[in-house]
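# Architecture and fold: a report
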Amino acid sequence: MKKVLSLLLACVMLLSLLAGCGKPEPAPQPPADDPAVQTPEVPETPAEPEIPEPPAEPEPEPVRELTEIAFEGNESKFKTYGRTFTAHRGLHCDWAASGIEFTVDCEGDIVLHYMATYPGHLQIYVDGEATERFVVKEGNSEKMTIAQGLTAGEHTIRVVRDHDIDSNGGVLVLKSLEYTGFADTLRPAEDRELYIEFIGDSITSGLGCMGGDRLYVTRFDEYHSATHAYSYLTAQALNADWSLVSRGGIGFHSATTNKNVNAFGMYKSFNPWVDGGDYTFDRKADIVVLALGTNDSGYNGTGADFRGLFADMVKLIREKHGEDVQIVCIWGMMSTTWGNQMTIAAEECGIHCLRVTQNNEGSTWKEGRTKHPHADGHAIVAQELTTYLQEKVLPLLKK
């Protein structure tokens, strides 16, 4: 029995020994922070190279295009001078020194399309400089090139009627404007701070001022120039906007043979000789220069009667422009029967009065045609009036 147990014990020990030989002991592990066993860094996969965007196509240069714009329906794109109004599919510029001014980005030529019932002239200004004086032809469908060879860019154009309103209403209708440019850049010139209205006769309109002899000429030929008249020159000297309500032969009492219109009827209307309707007086004048009386020499009333007509005109002016409007009566540029009465009437009405230098027949100044003042005389009177306004009137507007 002991032999059997010893044999079994020996077998168990042998089996244990054999099991140990089949599974070796694990090798000792180094510390985790040992650099020798650190996991080597795996290099990052390089990013795909960025492919640059192709350059953007350059914006095409804008092209100035041939454009024709009608005045009717586009009145807001043009600054107007004088009593202009829309009718007959265009813009009426019937009064002396009436016209338009605008700015536009263009190049090359500018063509004006118009119609006129009587010949005359237009004075053109390009970028503030007087250029040519063009003949207005009578006709229903006429045109003139008012600017030529303009360099590309913005230009300011002024178009001024240079002749008086005639016995049939002096119709000049601007129809359209043709230019090569950008239509969306067309805009009116800005209003000036000062606005002067002139009420007068042929003197205020510049009748005959470009002539040098006494031959009778019509008021629409080359010897007439509203832009050389004292009125226009005064407005330019004071950097003011202007309106000339003036016509040859008219007075406080003296009326035209056509429709029997005197200064009162003239003043209330856009154009009484073509039934233009009542003038609206939308913009109030700061100063009104009253230059009538020369044509009233044939008036048979008394001095008091004449002063009554004068007072009625002053009342009408204040009614239209307000009680604060500054009114300046001027007289003496041509001889007149009623000069002294106008001085008295002005004082009675509480308005300014200036006697200017006479410069027509019988005076020391050169005479224009039809015995009217010469342009040189207009320049003298413009200086006198400008100085008077600067010293006596403009300071009152600032109070």
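Quick caveat, the model's predicted, so the values are computed rather than measured. (Residues numbered from 1 in each chain as written. Predicted model: local features only at pLDDT ≥ 70, side-chain atom pairs only at ≥ 80, totals over all residues. Heavy atoms only, no water.)

### Examining the overall build of the protein
A tally of regular secondary structure across the protein gives seven helices and 15 strands. For the protein, the proportion of its 399 residues judged to be buried stands at 49%. Here the contacts in the protein between residues at least 6 apart in sequence split such that 75% fall between residues at least 24 apart. Entry remark: accessible area of the protein is about 20900 Å², with carbon and sulfur atoms responsible for 52%. (Helix = DSSP H or I, 4+ residues; strand = E, 2+ residues; numbered from the N terminus. Buried < 20%, exposed > 50% of the residue type's maximum accessible area, 1.4 Å probe, protein only. Contact = heavy atoms within 4.5 Å. Areas by Shrake-Rupley, 256 points an atom, 1.4 Å probe, with all protein chains shown as cover.)

### Focus on the sheet that holds strand S15 (residues 352–355)
The strand order S12-S11-S13-S14-S15 describes an open sheet built from five strands, whose pairing is parallel. Looking along the sheet, the strands with just one partner apiece sit at the ends: strand S12 (240–246) and S15. On average, each strand axis in the sheet is inclined to that of its neighbour by 20 degrees, with strand direction left out of account. Strands in contact with helix H3 (residues 230–237) are strand S11 (194–200), S12, strand S13 (287–291) and strand S14 (326–331); relative to S12, the strand with the most contacts, it is inclined by about 165 degrees. This element, helix H6 (residues 339–349), spans S14 and S15 of the sheet and lies at about 165 degrees to S14. (Pairing = 2+ DSSP bridges. Axes fitted to C-alpha atoms, helices over the stretch in contact; angles between N-to-C directions.)

### Some remarks on H3
Of all the residues in H3, the buried ones are Tyr-230, Ser-231, Tyr-232, Thr-234 and Ala-235. Remark: Asn-239 follows H3 within two positions and exhibits a positive phi of approximately 50 degrees.

### Overview of the packing of helix H5 (residues 303–321) against H6
Between H5 and H6, whose axes approach to 9 Å, the crossing angle comes to 45 degrees. Considering the angle they form, H5 stands oblique to H6. The element H5 and its partner H6 pack so that their crossing is right-handed. Each of Gly-303, Phe-306, Arg-307, Phe-310, Ala-311, Val-314 and Arg-318 in H5 lies in contact with H6, whose residues at this interface are Gln-341, Met-342, Ile-344, Ala-345, Ala-346, Glu-348 and Cys-349. (Parallel < 35°, antiparallel > 145°, perpendicular 65-115°, else oblique. Left-handed = near helix turned anticlockwise from the far one by under 90°.)

### Considering the nonpolar core
The nonpolar side chains of a soluble globular protein tend to be buried, and buried together. Within the largest apolar cluster, 39 residues are counted, with the highest numbers of intra-cluster contacts made by Phe-252, Leu-290, Phe-310, Met-313 and Ile-317. Ranked by residue count, the leading element in this core is H5, at seven residues. Once you skip the residues sitting within four places of it in the chain, Phe-252 turns out to touch Asn-262, Ala-263, Phe-264, Leu-290, Leu-292, Gly-293, Asp-296, Phe-306, Leu-309, Phe-310, Met-313 and Met-342. Judged by nonpolar contacts, the second largest core, of 33 residues, contains Phe-198, Tyr-230, Ala-291 and Val-356. (Core = buried A, V, L, I, M, F, W, Y, C linked by side-chain atoms within 4.5 Å.)

### Section: the packing of aromatic side chains
A complete count under the given rule lists 15 aromatic pairs for this structure. Ring centres 6.2 Å apart and planes at 80 degrees place the aromatic pair Phe-198 and Tyr-230 in the edge-to-face group. Residue Phe-198 is located in strand S11, and its partner Tyr-230 is located in helix H3; the two are separated by 32 residues in the primary sequence. Exposure class is identical for Phe-198 and Tyr-230. Each is buried. Site record: aromatic cluster; members linked through ring pairs are Phe-85, Tyr-267, Phe-270, Tyr-279 and Phe-281. (Phe/Tyr/Trp six-rings, centres within 6.5 Å; stacked < 30°, edge-to-face > 60°.)

### Remarks on the pairing of S12
Across the seven residues of S12, seven count as buried, placing the element largely inside the fold. Bridging between S11 and S12 involves seven bridges; their strand directions are parallel. Bridging across to S12, Ile-196 finds its partner in Trp-242.

### Some thoughts on unusual backbone geometry
One non-glycine residue, Ala-97, lies in positive phi territory at about 65 degrees. Structurally, Ala-97 can be placed in the loop between strand S4 (90–92) and strand S5 (99–116). A relative accessible area of 1% means that Ala-97 is categorised as buried. The backbone phi angle of Asp-127 is positive, close to 50 degrees, even though this residue is not glycine.

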